[in-house]
Amino acid sequence: MPLFEARNIQKRFGARVVLEDVSLSVEQGAVHGIMGPNGAGKTTCFNVLTGHYAPDGGTIRFAGRDIAGMKPHRIARLGVSRSFQIMNLFDDTVVIENVMLALPEFRAMTFSPSRNVFIDRALTDAALEILAQVDLAEKAWDKAASLSYGQRRALEIAVALAARPKIVFLDEPTSGLGAEATRALAQLVRRLRESYTIVMIEHDMRFLFELADRISVIHWGQVIAEDTPTELMANKWVARSALGELA
Amino acid sequence: MISLSDIPARGGSPFTPPMFVFLLALATAPFWLEAVGLYSYLGIEITIWILYAMGFNLLFGYAGLHSFGHGAYLGVGAYAFGLFQNHVGVSLWGGLLAAVLAATIAGAAVALFVAHRRGIYFALLTIAFGQVFWFCAIKLRWLTGGEDGLLGIPRPDLVIGPLRVSLQENTSLHWFSAAILGLAMLGLWRLVNAPFGRVLQAIRQNEMRARFAGYDVWRIKWLVFTLSASVAGLAGGLFAMAQESAYPDVMSLHQSGLIVMMILVGGGLVSFWGPVLGVLVYFIARDIIGGITETWLLWFGLMFVVMVMVRPEGAAGLAHVVRARFARAPVKTPVSAPAERSA
Amino acid sequence: MYSLIPHIVNGLTLGLLFALIALGFTLIVGVMEVINLAHGAFFALGAYFALATIGGSWFAGTEFGIWWSSLSPGARYASGLIFGPLCAAGAGMILELCLRPTYGKAPLYGLLLTFGAALVIEELIRLVWGTGEQSLSVPQAINGAFLMGGLIFSKYKFYAAAFSILAIFLVWLFLEKTPYGAIIKAGSHDSEMVRALGFDLGKLRLAVFAFGAALAGLAGVIMAPIWGLRPHIGIDVVIPAFLIIVVGGVGSFWGAVAAAMLVGLAVGITGAYAAAWSMLSMYILLILVVGFRARGLFGRKSALEN
């Protein structure tokens with residue numbers, strides 16, 4: 001049984017149909033890529049899958065539970081985590097707190113007034129461990145707002161990982177990164193795939209084809225093709241309609 | 001740029017030196033207030049408003065929910081205290097409990113309507129609801145005494161076990177209010193330094209991210225609104241005792257705006273102590289500028305407008321800036337030793 | 001049923017006047033994304049300056065003063081009707097200039113600054129005109145009452161209603177049929193676009209603030225003979241304006257007008273049964289609308305929600 005499965009997802013905004021019929025199935029431990037031209041509905045698709053919008057039709061199952069229409073915080077607590085394409089951090093505070101806030105053990109003590117935050121070794125150690133995964137441990141006590149663009153991207157991912165998710169949705173992780181930073185990110189994703197199931201939207205074809213096990217091509221709110229990278233390369237129709245526009 | 005979210009220097013300790021200084025000043029106020037040309041009632045007034053402002057800043061500064069109708073809960077507390085004395089029985093604890101309960105219920109009910117909102121829309125709705133309470137206070141004449149309000153509210157004796165202390169004197173009421181403020185302050189300090197306080201600030205900084213990190217943002221916003229209404233209710237109960245009356249004026253938009261002004265002037269957006277500074281500045285300005293000219297609010301208002309234009313972080317923010325200028329380069333904290341940082 | 005007619009007429013009149021106040025307010029919210037708490041203060045300023053113009057007491061004793069008082073009440077009223085809103089517009093422009101440092105920061109600062117400004121203006125009014133209640137006299141022609149179908153109606157209220165309809169219509173024409181209106185409407189969705197179209201956003205904001213303030217001032221002049229004039233009248237009127245904006249949906253022209261009429265009717269009809277509670281119906285309406293339709297009757301998603 002797949003870990004995460006969406007069937008015939010529909011989403012309309014008023015009269016505009018953004019997702020007409022999207023189905024997606026992700027096996028445990030896989031890296032699943034989503035690609036497609038701008039405006040194809042990729043980010044909307046993520047927003048529906050992670051609960052930001054309720055779908056107008058279709059089913060979403062995660063680890064055997066129906067999660068369609070659930071509130072985002074409920075879905076997040078089940079072990080679905082995501083990063084954002086546009087940076088979405090806690091900017092007034094330090095790097096480590098961004099990660100701490102997302103730790104499930106921190107969340108569990110939200111209403112325990114006797115607990116401490118920054119002098120709780122267990123918490124800071126857990127957060128530092130996550131930060132070390134994305135090479136940000138050195139910057140742990142710096143302001144999140146003071147990080148460079150690439151570091152902020154890495155922090156985005158760290159916050160998503162801090163939730164100790166079963167599945168991570170990454171929305172265009174390479175967006176705005178230079179060649180070197182993209183290579184470093186590819187390394188990171190390779191490491192992460194050992195322990196997480198990953199779904200990612202990606203513009204960078206080389207990046208995606210190198211890392212993904214399967215790729216869904218979304219166009220006009222529909223999945224027009226889904227296959228392994230190798231098969232997809234061979235598919236002339238896909239190459240023309242979607243890849244051609246992007247490459 | 002400084003903010004409330006900076007790592008607190010003493011996040012773990014339940015009691016800090018500034019708190020000691022403040023509580024000492026508060027406790028000794030009756031002895032020196034008159035010597036510096038002020039009067040003993042001012043001490044009570046300042047104490048109560050600090051309590052109100054600190055509870056309000058939990059909502060306003062920490063959670064970033066900009067309520068412009070918070071006077072309503074102070075008023076509800078004051079009326080509840082008065083009504084309890086008039087209709088149920090003369091009792092200090094009973095009255096205060098009634099005040100807190102009434103304000104909590106009122107706050108919880110309004111929070112149901114406003115907890116899913118943010119920003120200016122939230123402010124608009126709180127104004128509207130604040131006006132509903134204010135209007136009811138004026139119109140429910142049989143209950144609230146209309147525009148004049150409830151008059152002749154007694155100051156019940158403080159009874160703890162066999163101990164009975166009269167609060168008729170302003171000094172004794174001052175100490176009683178100061179004790180309550182001290183307890184509330186310890187509680188609020190703990191709360192904002194516990195995970196809850198950090199989560200509130202996370203919601204202020206990025207509600208969407210907080211939601212995707214698994215926090216039930218709606219429930220937390222509802223809770224903090226209700227909590228801050230409860231503190232306002234407690235302050236309202238004390239206020240009814242101090243004034244020996246309860247009247248609709250404290251619930252007006254005007255008054256609700258003034259508390260926001262105090263928070264901002266004092267720097268509630270950047271410091272736990274902001275509300276304290278703001279209330280002090282306001283009352284001292286009222287008495288000093290007010291002693292010189294009738295139109296003191298004009299000058300206070302102008303001062304405020306200029307402040308919003310040039311230094312919106314307020315007085316506490318200014319203190320930070322001054323301190324930063326005198327301090328040497330910031331000390332880099334070793335990653336391996338986060339605990340030392342908060343020592 | 002027949003006896004309800006005066007209350008309905010009253011309610012509609014009130015609604016039209018509310019609409020006039022709310023329009024300037026919603027315009028400023030829509031374009032600037034500033035909740036202007038000083039809107040009521042502009043209302044008061046307009047009325048007080050009209051009072052000063054009509055009375056002419058500022059130049060009493062001078063030759064101009066003597067000439068002025070020899071003019072007919074109608075002429076003096078008409079000049080008050082023009083001069084009052086103009087002064088309010090001037091104050092609005094000053095406030096907009098003060099607001100500039102707050103643009104791009106949290107919307108809270110605009111709200112706070114206008115609250116401070118409202119306080120200052122109210123105190124200034126106290127200083128200049130005193131704290132007492134004053135009344136604004138109107139020319140004979142529109143004063144008094146008339147009988148219709150056996151019912152007594154106030155002439156002035158009819159005049160006020162007609163004037164409001166005219167003003168609302170002109171504002172609508174301005175917004176819909178002129179290029180300026182198109183820019184203002186663009187601004188209310190997207191300030192990027194205004195810039196892209198090559199318009200000066202600074203001037204647009206200044207103009208919108210002046211225009212909104214002038215509308216408030218105009219409402220003040222029209223309303224003052226009915227409600228009387230006191231320094232804190234600003235706060236009294238800004239509240240209905242608020243409620244109307246929330247009920248109608250922030251930034252929507254017809255939302256504001258429809259909500260104002262609804263509020264006016266609700267107040268008028270409740271007035272027939274429980275006069276003391278007539279204003280409460282406004283709040284109940286608000287809670288009903290907000291409870292069931294969070295964005296108000298005609299509301300769209302707005303940047304203000306962030």
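Residues numbered from 1 in each chain as written. Chains lettered and ligands numbered in written order. Predicted model: local features only at pLDDT ≥ 70, side-chain atom pairs only at ≥ 80, totals over all residues.

Observations concerning the interface of chain A and chain B
Note the threshold: The contact rule is simple: place each C-beta atom from the backbone, and if two of them lie within 7 Å, those residues are in contact. Numbering goes from the N terminus for both helices and strands, where a helix is a DSSP run of H or I of at least four residues and a strand is a run of E of at least two. Here the nonpolar group is Ala, Val, Leu, Ile, Met, Phe, Trp, Tyr, Cys and Pro; Asp, Glu, Lys and Arg are the charged ones; every other residue, Gly included, is treated as polar.
With 36 residues of chain A at the interface, the matching set in chain B holds 31 residues. Within the residue set of the side of chain A that touches chain B, elements represented by two or more residues are helix H2 (72–78), helix H3 (95–102), helix H4 (104–108) and helix H5 (121–133) of chain A. Looking at which element gives the most residues to the side of chain A that touches chain B, the answer is H2(A), with 4 residues. Of the residues contributing to the side of chain A that touches chain B, the split by class is 19 nonpolar, 8 polar and 9 charged.

Notes on the nonpolar core
As a rule of thumb, soluble globular proteins bury nonpolar side chains together. Our working definition: The term nonpolar core refers to a group of buried residues, namely Ala, Val, Leu, Ile, Met, Phe, Trp, Tyr and Cys, whose C-beta atoms join them within 7 Å. Burial is judged by counting the other C-beta atoms within 10 Å of a residue's own C-beta: 20 or more makes it buried, 12 or fewer makes it exposed, and any count in between marks it as partly exposed, with every C-beta position built from the backbone.
Residues A:Val99, A:Ala158, C:Ile21, C:Ala22, C:Ile244 and C:Val263 are the most contacted members of the largest nonpolar core, which totals 294 residues. Among all residues touching C:Ile244, those that are not within four sequence positions of it are C:Phe18, C:Ala22, C:Ala256, C:Ala259, C:Ala260 and C:Val263.

Details of the pairing of strand S2 (residues 16–26) of chain A
Residue and element names in this part refer to chain A. What counts is decided by this rule: What makes two strands pair is DSSP finding at least two bridges between them.
Note that strand S1 (residues 4–13) and S2 share 7 bridges and pair antiparallel. If you follow Arg 12 over to S2, its bridge partner there is Val 17. Between the end of S1 and the start of S2, which pair antiparallel, lie 2 residues, with Gly 14 showing a positive phi angle near 60 degrees.

Notes on the domain arrangement of chain A
Residues and elements named next belong to chain A. The condition that has to hold: Residue ranges labeled as domains rest on an automatic or database domain assignment.
Here the domain parsing of chain A yields domain 1 (1–79 + 166–182 + 193–247) and domain 2 (89–164). One C-alpha centre belongs to domain 1, the other to domain 2; they are set 26 Å apart. With 7 residues of domain 1 at the contact, the number on the domain 2 side is 7 residues. Along the lines of polarity and charge, the residues of the side of domain 1 that touches domain 2 split into 6 nonpolar, 1 polar and no charged.

Some thoughts on the arrangement of the chains
Once contacts are tallied for each of the 2 pairs of chains in contact, the highest total is for chains A and B. Nowhere do chain A and chain C come into contact; their C-alpha atoms are at least 12 Å apart.

Quick notes on the interface of chain C and chain B
Tallying the contact residues gives 35 residues for chain C and 30 residues for chain B. A per-element tally of the side of chain C that touches chain B places helix H5 (residues 107–129) of chain C first, with 15 residues.

Section: the packing of helix H2 (residues 39–55) of chain C against helix H10 (residues 233–248) of chain C
Residue and element names in this part refer to chain C. Our working definition: Interaxial angle, 0 to 180 degrees, is taken between N-to-C directions of lines fitted to C-alpha atoms, where a helix line uses only the stretch in contact. Note that the term roughly parallel is reserved for angles under 35 degrees, roughly antiparallel for angles over 145, roughly perpendicular for angles of 65 to 115, and oblique for everything else. Handedness of a crossing is defined here by the sense of rotation of the near helix relative to the far one, left-handed for an anticlockwise turn of less than a right angle and right-handed for a clockwise turn.
At a closest axis distance of 7 Å, the pairing of H2 and H10 adopts a crossing angle of 125 degrees. As summarised for this structure, H2 and H10 are arranged oblique, according to the angle between their axes. Between H2 and H10 lies a crossing whose hand is right-handed. From H2, His 39, Gly 40, Ala 41, Phe 43 and Ala 44 reach across to H10, where they touch Ile 233, Gly 234, Ile 235, Val 237, Val 238 and Ala 241. For the contact of H2 with H10, the residue count by class is 8 nonpolar, 3 polar and no charged.

Some points on the packing of helix H4 (residues 73–99) of chain C against helix H9 (residues 201–227) of chain C
All names here are of chain C. H9 packs onto H4 with a crossing angle of 140 degrees between their chain directions and a minimal axis gap of 7 Å. By the angle class used here, H4 and H9 are oblique. Relative to H9, the crossing made by H4 is right-handed. Looking at side-chain class alone, the contact of H4 with H9 contains 17 nonpolar, 6 polar and 2 charged residues.

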